[in-house]
Amino acid sequence: MTRLVGVPSSVPTGTSVRVTLHWEVPYRDPARGATPSVLTATYDWADGKYKIGGTEMAFVHPRPDQPDPALKGSLVAAYTIGTGAGAARPRYVLQAHETAPGELDMRVDPSPTQVIAAQSLLSIIAAAQDIPTKIAQVDQKLIQVDDSLTDIAQAQAEQGLTAVPNEAALTGRAAGGYRVLGTNERVYWSGTAITARAPMAAADALAARVYRVPLQAAYSYTQNAQVTQSVIALAPAGSTLQFPADGVRYQLGPLGTISKTLTLDLTGTLLDVDLTPTPGSTAGSPLIHFAAPLGTAHSVNSMARSATQITLSTAGDAAAYSAGDWIILRDERITRAWDNPTGAATSLNGQANQYGYGGRTEINQVKSVSGAVLTLTQPVRWDYDTTPAVRRVTAPLIRPRVTGGNIQELDPGAAFSGIITGPNAPHIVHFENCVQPETNSLEVDGWQLHAVNFSNCYKPYAGRLNGQRPFRPGSGGHAYLVKFDAGCRDGLHERSVSRGARHHTDFTQAYACVSSRNTATDPAGVAYLCHGLGSQDCESADDAVRGGNVAGWGSGNSSFYADYRYKVTRPSYRGDGTVFNAATYSEDMEVIEPDVVTTFRAFVLTSGARRTRIRGGTIDLRAATNGGSNAVLAQSKISLSDTYGVIPDSLDVRGTRILMPTGTGMNGMNLTLSGALTIRDTEFVDGVNTHVIIGVDSTLTDLDVSNNTHSGTHRRSVEYAAAAAPTGRYRVRANTYSGYNGTLYSAISLPAASNLDMTDNAATGSGTAYAWTASDPATAAGAGARIHRNFPATSDYMPGYNPVPLALLDLAGTGTNNVQFTFRRDTAPEWIIRSNGSSKLLEFSRRDATGASVDSPLTLNWNTGVVTVNATWQKPFALGGAGAFKPFLWQGVNGSIRMKAGTPANDTDGAPIVYKKLTGTTSGTVSTGVTVAHGLGFAPTHIMLTARGAGAVYYTAADATNVTVAGTVASIPFDLYVG
């Protein structure tokens, strides 16, 4: 074992020093799970040791010349100094050198070839992500020089000077013209003389408006806010406000509500901000608050989900709307918390005042107006059926922007207790009712509510944010990096990093918003959360979580209700928490290609979550001290102490690889479910207990467990503990089981039922392969279950009366040899099913007590596909029915096909169902007979005549040779039918 000695020489004696060691762990090696992935120790100045809970830290680490096979991966580390509020800021590379076997001495500065502990990979990544920011800052400095030179020329032009330094000489630009903001004109020159002045076009003027904000280092938060507000008031819509980027940190207070489109360029700006003067109060303000004003609310008859038209209750209100208008839809409907359906003051799980939430809203746009009907560009997201109303955005803000900035908020000292949307919510950046608002390249070091909040915005964008050390992430509503709040559509948050945030990306009643390529480190809550207020079709793509013991992704919230169709694609997780949560009636959460390493649980489904899907990916469960881990846990209650619980409905897992620890551990999938369970093409490796257990309270309608592989040491592969078998599809097919503890447990245990299809499974190992609960498999097979082609075959059954176990059946013959299957009663054969090798007939042959053939009532011809039923009147073909009218069908000896309701008495009994048709013409003399030869060989029992001319025909006699026919008119053609 290895230990650390000494402290860096730069650390004053007595200063708190904490060291954190990280191992980057490979997926598989012989000792996987044997060593923790993170160790944190504090230096004890009294005895010079690094300790964990009073015991000196020791760990497996190889010497450079002695690789240790037990090592999980390369060691990377960092240390921090101090214990105060700023203690987490410094982060240093662990400089340690092996001065003796088993010792890493932090006092020695190693040479490059001797370094065996390097900076955390996360720190390296963070540094790499900071490079674009540094480059941007350098570019900004060059821009400032360029702007200063331009300002000289502009100032001279505004003063009316005719001798103006050539712009090319000042800035390197081509000579020609530049813009004068004060007079809204373009000035042209040649050499050093102005040659012409002309008013600027509107678009040209708009692009030209760049206003510098003269913050002062000596000013207070309020004074610098007043300076900025003055510039905002002066700048027309479309302008850019540039803040100082001179390395000085300025104080700045809230800027008030901004109701026009501006770009606030904070690139390179350093700000300290104070947003909540009174700690713990309900009053605060955003630093930057863009909000478009709204008009009068107009009542709507109804707004149905997926509709693209709404009808105003008052036709005259339509005059307020035009094509292209942006509108806000709203309804004050109350949605009760999932466990509080009656709206009682205390919810059923014991949490006080969990009422759910009020209101549904979304932003939309008018496509056309016809009478009182507004046609919209987007389908409506809800059924607005309580107080449906619409409001016009009277002065839209199109692409307001905040770019750059390094902001540190003053810690107010207590959690904010007010409303977290609107002008009194102390967010860093807050947009309301905006179109394509944007925040990018913002750094926030310390904040209380949300670094960026979008509310009722269309196509909001946040990118390349960096948020560290938020205040009180354990308090509700605090420490969010980005929130897509009520009504947002088609938003995107990408390429951002955070450390310690409660939520990195939060979807609260958002629609089709996306989080992509983000990294949340040590999150304090669910990193990428649909918050339980009805978000729809949101997505997380290529997002990552590093560290922490909380969830990475979630849909639904126990304080509220459900979310719908949350799609998580290629998520990456390394930590010690639950990775994915689906809860509180949330529907259709889908996780595609997860890359998960956790010591706890990968998926938890609770409180009525519906139709969860997992597709592909790898789940690597590591050994833990918390009693074990699960790949998937499905249970009715969020907490076992809850009063109210609802069993999750339906789970579909396909193509996933699940690796389980060989030390301690729980069941791979521990499922209490209703509805349908599908597990297909999935691989289970190692573990201690059961790979898949279907709990006693499950009420499945369908089960499909097919094409799965179970291997490695484990107790049992599949256990169905519920009392009742699935009522619909019940399929256990083509699975392979190995490594189970066959001396104590079977590979699979499940109830036998008539709808069971258990085929083509293979279990290798000692002991019982298949065990049965709830019913006898022989009885189930007799009722229609398919239990065959399994290995070992001792548990195979064929349907039938009182079936007995059979070996795997594969009858094969060569050449013209016959192959047959004999059914015996006691020792006497009764039936033989034979494949006739020479004629390729499959014959069902009846046998007497000696084994001789009695007859073959049924044959199938392989060459022609013809099915032959050999039925005579003594052995007719019964068509079903009962009693005296049971119908029988047979072929008479003369070839006729006959049928009778009841048992036939002879060959010509009953009635023919196929008649022979003959034709003829009656005699030229009325009522004189002519004979027609019928060729039946017997006197027909049934005769029918049809005249094909005027008059009637009738027969006067019939025998085994002829039928005599006469007519009421001479020479009548006729059709004769005999049988």
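Above: the structure in question.
Attention here is on the structure that accompanies the text. Since this is a predicted model, take the numbers as computed values, not measurements.

Looking only at helices and strands, the protein has five helices and 83 strands in total. Residues classed as buried in the protein amount to 48% of the 979 residues present. Taking all contacts inside the protein whose residues are at least 6 apart in sequence as the whole, residues at least 24 apart take part in 61%.

This part is about the pattern of salt bridges. Scanning the model with the defined rule gives 40 salt bridges in all. Two residues, R472 and D411, come together in a salt bridge whose shortest N-O distance is 2.5 Å. Residue R472 is found in the loop between β33 (466–468) and β34 (480–484), and its partner D411 is found in the loop between β27 (406–409) and β28 (429–432); the two are separated by 61 residues along the sequence. Classification of D411 by relative accessible area gives partly exposed; the value is 37%. In this structure, R469 engages D445 in a salt bridge whose closest nitrogen and oxygen atoms are separated by 3.0 Å. Taken together, the positions of R469 in the loop between β33 and β34 and D445 in strand β30 (residues 443–445) put the pair 24 residues apart, joining distant regions of the chain. Assessed through its relative accessible area of 24%, R469 is described here as partly exposed. A relative accessible area of 18% means that D445 is categorised as buried. Here the salt bridges do not stand alone but share partners, grouping E587, D588, E590, R610, R611 and R613 into one network.

Moving on: unusual backbone geometry. The step from F791 to P792 runs through a cis peptide bond, and the omega angle for that step is -5 degrees. Among the structural elements, P792 can be located in the loop between β68 (786–788) and β69 (819–825). At D537, a position not held by glycine, the phi torsion is positive, near 60 degrees. When you line up the elements, D537 lands in the loop between β40 (528–530) and β41 (539–541). In this structure, S650 is a non-glycine residue whose phi angle is positive, near 70 degrees.

All right, on to the environment of H289 then. Mapped onto the fold, H289 is located in strand β19 (residues 288–291). For the pair H289 and I258, spaced 31 residues apart in sequence, the C-alpha separation works out to 5.9 Å. If sequence neighbours within four positions are ignored, H289 has contacts with G256, T257, I258, G422, P423, H430 and E432. Separated by 2.9 Å, the side chains of H289 and T257 make a polar contact.

On to empty space enclosed by the protein, then. The tally for this structure, following the rule as stated, stands at two cavities of 30 Å³ or more. Estimated volume of the largest cavity: approximately 60 Å³. Forming the boundary of the largest cavity are I694, L703, V705, V718, Y720, V732, Y737, I748, S749 and L750. At three residues, the largest contribution of residues to the lining of the largest cavity is made by strand β64 (residues 748–751). Split into classes, the residues belonging to the lining of the largest cavity amount to nine nonpolar, one polar and no charged.

This part is about helix α4 (residues 221–234). Between its first and last C-alpha atoms α4 spans 20 Å; for 14 residues at 1.5 Å apiece the expected length is 20 Å, and the two agree. Residues of α4 that are buried include every one of Y221, N224, A225, V227, T228, V231 and I232, and no others. All buried residues of α4 fall inside an arc of 160 degrees around its axis, so they share one side. Away from the buried face of α4 by more than 90 degrees, exposed residues A233 and L234 are located. Of the surrounding secondary structure, the elements contacted by the buried residues of α4 are β13 (210–212), β14 (240–242), β15 (249–252), β16 (257–258) and β18 (270–273).

Once that is clear, we can look at the environment of L529. In this fold, L529 is placed in strand β40. Relative accessible area serves as the criterion here: at 5%, L529 is assigned to the buried category. C-alpha of L529 to C-alpha of D563: the two residues are 34 residues apart in sequence and 9.9 Å apart in space. Setting aside its immediate chain neighbours within four residues, L529 contacts H503, T505, D506, F507, G554, G556 and Y566.

Taken together, L842, L860, V867, V869, F877, L879, M899, I913 and V914 make up a surface patch of nonpolar side chains, about 720 Å² in accessible area. Considering the arrangement of structural elements, one finds M899 in strand β76 (residues 897–901). Judged by relative accessible area, which is 34%, M899 ranks as partly exposed.

What follows concerns the sheet that holds strand β78 (residues 916–921). Spatially, the three strands line up as an open sheet ordered β78-β83-β80, and their pairing is antiparallel. Pairing within the sheet leaves two strands with one partner each, and these edge strands are β78 and β80 (943–947). Across the sheet, the mean angle separating the axes of adjacent strands is 20 degrees when strand polarity is ignored. Here five bridges tie β80 to strand β83 (residues 973–978), and the two strands are oriented antiparallel to one another. When the bridges of β83 are listed, L945 appears paired with L976.

Okay, the pairing of strand β71 (residues 841–847) next. Along a regular strand, successive side chains alternate from one face of the sheet to the other. The sheet contact formed by strand β70 (residues 828–836) and β71 spans six bridges and is antiparallel. Counted as the bridge partner of I832 is S845 from β71. The hairpin formed by β70 and β71 contains four residues between the paired strands, and K840 there has a positive phi angle of roughly 55 degrees. When β71 meets strand β72 (residues 853–861), the two strands line up antiparallel, connected through six bridges. Bridging from a neighbouring strand, R846 pairs with D855 of β72. Linking β71 back to β72 in an antiparallel pair, the connection comprises five residues, with G851 at a positive phi of about 95 degrees.

Right, let's get into the packing of aromatic side chains. Overall, the coordinates contain 14 aromatic pairs when judged by the stated rule. On the numbers, 6.3 Å between centres and 80 degrees between planes, the contact of W382 with Y564 is edge-to-face. Residue W382 is found in the loop between β24 (373–376) and β25 (389–392), and its partner Y564 is found in the loop between β43 (553–555) and β44 (567–569); the two are separated by 182 residues along the sequence. Given a relative accessible area of 6%, W382 falls into the buried group. Through a chain of ring-to-ring contacts, three or more aromatic side chains come together here, namely F290, F431, F454, F484, F507 and Y566. Across from the ring centre of W862, 4.2 Å away, lies the NZ or CZ of K840, which sits over that ring.

What counts, and where the lines are drawn
Residues numbered from 1 in each chain as written. Predicted model: local features only at pLDDT ≥ 70, side-chain atom pairs only at ≥ 80, totals over all residues. Heavy atoms only, no water. Helix = DSSP H or I, 4+ residues; strand = E, 2+ residues; numbered from the N terminus. Buried < 20%, exposed > 50% of the residue type's maximum accessible area, 1.4 Å probe, protein only. Contact = heavy atoms within 4.5 Å. Salt bridge = Lys/Arg side-chain N within 4 Å of Asp/Glu carboxyl O. Polar contact = N/O pair within 3.5 Å; in protein donor to acceptor, adjacent residues only side chain to side chain. 1 Å grid on protein atoms, 1.4 Å probe; cavity = no way out; pocket = protein on both sides within 12 Å on 5 of 7 lines; lining within 4 Å. Points joined across faces, edges and corners; volume = space filled by probe spheres on them. Nonpolar A, V, L, I, M, F, W, Y, C, P; charged D, E, K, R; others polar. Expected span 1.5 Å × (residues − 1). Arc of directions from axis to C-beta. Patch = residues over 30% accessible without salt bridge, like charges linked within 9 Å, V, L, I, M, F, W, Y side chains within 5 Å. Areas by Shrake-Rupley, 256 points an atom, 1.4 Å probe, with all protein chains shown as cover. Pairing = 2+ DSSP bridges. Axes fitted to C-alpha atoms, helices over the stretch in contact; angles between N-to-C directions. Phe/Tyr/Trp six-rings, centres within 6.5 Å; stacked < 30°, edge-to-face > 60°. Lys NZ or Arg CZ within 6 Å of the ring centre and 35° of its normal.

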